[in-house]
Amino acid sequence: MGRYARDKRPQVKPVEKIQLSGENLTLRAVAAVLLLIIGAGALVYAFQRLFTPEPGWQAIQAGTDQGPGCGEDFTFLYELGVSGQSVSAESRTVTQLYTQACRTAYQLFNADEGFEGVVNLWEINRRPNQVLQVDQVLYRAFAAIQEAGDRTVYLGPVVTRYDDLFYCEDDAQLVDFDPRLSPAVAEEYAAVADYAVDPAQIDVELLEDFQIRLRVSEDYLAYAQREGIDRFLDFGWMRNAFVADYLAETMIEAGFTCGAISSQDGFVRCLDSRERNYALPLLDWLEDRPIEAGTLEYQGPMSLVSLRSFPAAGGDEYRYYRLKNGEVRTLYLDPYDSGLCKLGSDSVGSVVCYSPARGCAELAMGVGQAYISGFSGDDWSKGLGSGEIRIINCWSDSHEFVCTSRETVVTNLYENEDGVRYTVKVGPVPD
């Protein structure tokens, strides 16, 4: 078709112009204004419904406007509207307090980076043999470690290497980090472990007025310089146990106790004293996958610690590494056995330890040492097997939960069509 083809569109009559009366114009203007008012009101109502919290159970989200925090590692479920104050005001106060606590914990227990005006693990590691003023939270954490006699925190150089191991994408990459695959790596970790278990080589000295000194021997300092070590201390797998206690105590001191705080890696602080029922999934490994083999029912206040020899969903890709042959690497490191990672007993897939009277950190240090050593040694349950502390062992081979207390309530036991059925009994801790 040529660009000058004849226009074949139909002829249309001109539009007739009609003049509206002033009365009609006024009515239309009023209607438009009313529509705007109604629309604006609807928008305001919608936004109020969207951003005004409802009474009942809510997940409190830690904000990041003022900087990063540890909120991504934790879930804080809280029941709003039972304190007597406005739901909006309560939500705002709880969120602000929780956000600040998450930010403080993130900074204090951070061994990867420093923050202006904060003496944290990163700062302490870079200033050995110097007297430093620390926050009461860190001071009390080191005091608890000293009282428990736990030397895991001094495996900082090995923890760093395992952190790298968990980011490996193929088994072939493990040779640079896994002492079970490389004699050279095994020798390196063993050397660090020898320093870690010896207080004469490295130790945190507690001084007055919340001051500490990371004492490191000249021999260890020289070794660290040769090996490029700049991290002596690291809380490793226990970090979130201490963080959970701090978050819980912060909320309790402020009077906000209608909820529970739990971490992705197995530490729970239930703050609630109202005789409400709470539940904790009990996991096991079955047919190459994690399953919920049962449910622990309890009432708060309660501290709970879960240890397991297998990865589960929820961020575990950076806390475990599962080899193609089924072996698993974890951060449960044994300072008394060359810094090797351990899986506990071959038969016990998971252990849950809980108590209404003790915090997560104390439980973790107690049951952790036993779990890592494979439940060997002289009466490992001393202090943990008392009436106020209860233990549940999941025996994977026999699909059985063994509880140390008759008061433990385990429900929703798993069973399948292949005849696998989990059972519960009361009995002793593993031999």
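Up top you'll find the structure we're talking about.
The structure displayed is predicted, hence computed values, not measured ones. Within each chain, residue numbers correspond to sequence positions counted from 1 in written order. Local features in this predicted model are restricted to residues whose pLDDT is 70 or higher, and side-chain atom pairs enter the listing and the counts only when it is 80 or higher, whereas totals over whole chains, interfaces and linings include all residues. Hydrogen atoms and water are omitted, and side-chain values are computed over all heavy atoms in the structure.

A. Local environment of the overall build of the protein. Within the protein, the secondary structure is distributed over 9 helices and 19 strands. Long-range pairs, those at least 24 residues apart, make up 64% of the contacts in the protein with a sequence separation of at least 6. Carbon and sulfur atoms form 50% of the exposed surface of the protein, whose accessible area is close to 23000 Å². Comment: elements are numbered from the N terminus, with helices defined as DSSP H or I runs of at least four residues and strands as E runs of at least two. By the convention used here, residues are in contact when the closest approach between their heavy atoms is within 4.5 Å. Per-residue accessibility takes into account occlusion by the displayed protein chains alone, with areas from the Shrake-Rupley method and a 1.4 Å probe.

B. Focus on the pairing of strand β16 (residues 390-395). With 5 of its 6 residues buried, β16 lies for the most part within the structure. DSSP bridges decide pairing: two strands pair if at least two such bridges lie between them. Bridge count for strand β15 (residues 348-355) against β16 is 6 bridges, and the pairing is antiparallel. From the neighbouring strand, Val352 faces β16, where its bridge partner is Ile392. Buried residues are those whose accessible area, probed at 1.4 Å on protein chains only, stays under 20% of the maximum for their type, while exposed residues exceed 50% and partly exposed ones sit between those limits.

C. Structural view of the sheet that holds strand β5 (residues 211-216). Ordered by their spatial adjacency, 3 strands build an open sheet running β3-β5-β4, and the pairing between neighbours is antiparallel. Edge positions in the sheet fall to β3 (131-133) and β4 (202-206), since each of these pairs with one other strand and no more. Within this sheet the neighbouring strands show an average axis-to-axis angle of 25°, counted without direction. To get an axis, fit a line to the C-alpha atoms, keeping to the stretch in contact for a helix; angles then go from 0 to 180 degrees between the N-to-C directions.

D. Broad picture of the pairing of β5. Burial of β5 is one-sided: the residues Ile212, Leu214 and Val216 facing one way are buried, the residues Gln211, Arg213 and Arg215 facing the other way are not. Inspection of the sheet shows β3 paired to β5 by 3 bridges, in the antiparallel sense. Opposite Val131, over in β5, you have Arg213 as the bridge partner. Bridging between β4 and β5 involves 5 bridges; their strand directions are antiparallel. Pairing of Val204 across the sheet is with Leu214, part of β5. Hairpin connection between β4 and β5: a loop of 4 residues separates the two successive antiparallel strands, and Asp209 in this loop has a positive phi of roughly 55°.

E. Geometry of helix α9 (residues 360-372). The length a helix should cover is 1.5 Å for every residue beyond the first. In this model α9 runs 17 Å from its N-terminal to its C-terminal C-alpha over 13 residues, within 8% of the 18 Å that 1.5 Å per residue would give. Burial runs high along α9: 10 of the 13 residues are buried. Along α9, the residues that are buried comprise Cys360, Ala361, Leu363, Ala364, Met365, Val367, Gly368, Ala370, Tyr371 and Ile372. Positive backbone phi, at 75°, marks Gly374, one or two positions downstream of α9.

F. Molecular detail of the pattern of salt bridges. A carboxyl oxygen of Asp or Glu within 4 Å of a side-chain nitrogen of Lys or Arg is what we treat as a salt bridge. One pass over the structure, following the stated rule, counts 24 salt bridges. When the shortest N-O distance is used, the salt bridge between Asp112 and Arg231 registers 2.4 Å. Within this pair, whereas Asp112 is found in the loop between α2 (87-108) and α3 (121-125), its partner Arg231 is found in the loop between α7 (218-227) and α8 (239-253), the two being separated by 119 residues in sequence. The exposure class assigned to Asp112 is exposed, which follows from its relative accessible area of 58%. What emerges from the salt-bridge pattern is a single network uniting Arg151, Asp203, Glu205, Arg213 and Arg215.

G. Representation of unusual backbone geometry within the structure. A cis amide bond links Gly300 with the next residue in sequence, Pro301, at an omega value of -5°. With respect to the helices, strands and loops of the structure, Pro301 is situated in the loop between β9 (290-299) and β10 (302-308). Notably, Asn129 is not glycine yet its phi reads approximately 65°, a positive angle. Positionally, Asn129 belongs in the loop between α3 and β3. Backbone geometry places Glu275, a non-glycine residue, at a positive phi of 60°. Along the chain, the position of Glu275 falls in the loop between β7 (267-270) and β8 (277-285).

H. Spotlight on the sheet that holds β15. Strands sit in the order β1-β2-β6-β7-β10-β15-β16-β17-β19 across an open sheet of 9 strands; the sheet is mixed. The sheet terminates laterally at β1 (56-60) and β19 (423-426), the two strands that pair on one side only. The average undirected angle you get between the axes of adjacent strands in this sheet is 15°. Both β7 and β10 contribute to a ladder of 4 bridges, which runs antiparallel. In the sheet register, Arg269 faces β10, and the bridge partner there is Ser303. Docked against the sheet, α2 engages β1 and β2 (74-80), running at close to 155° with respect to β2. Sheet contacts for α8: β2, β6 (259-263) and β7; angle to β7, the most-contacted strand, approximately 15°.

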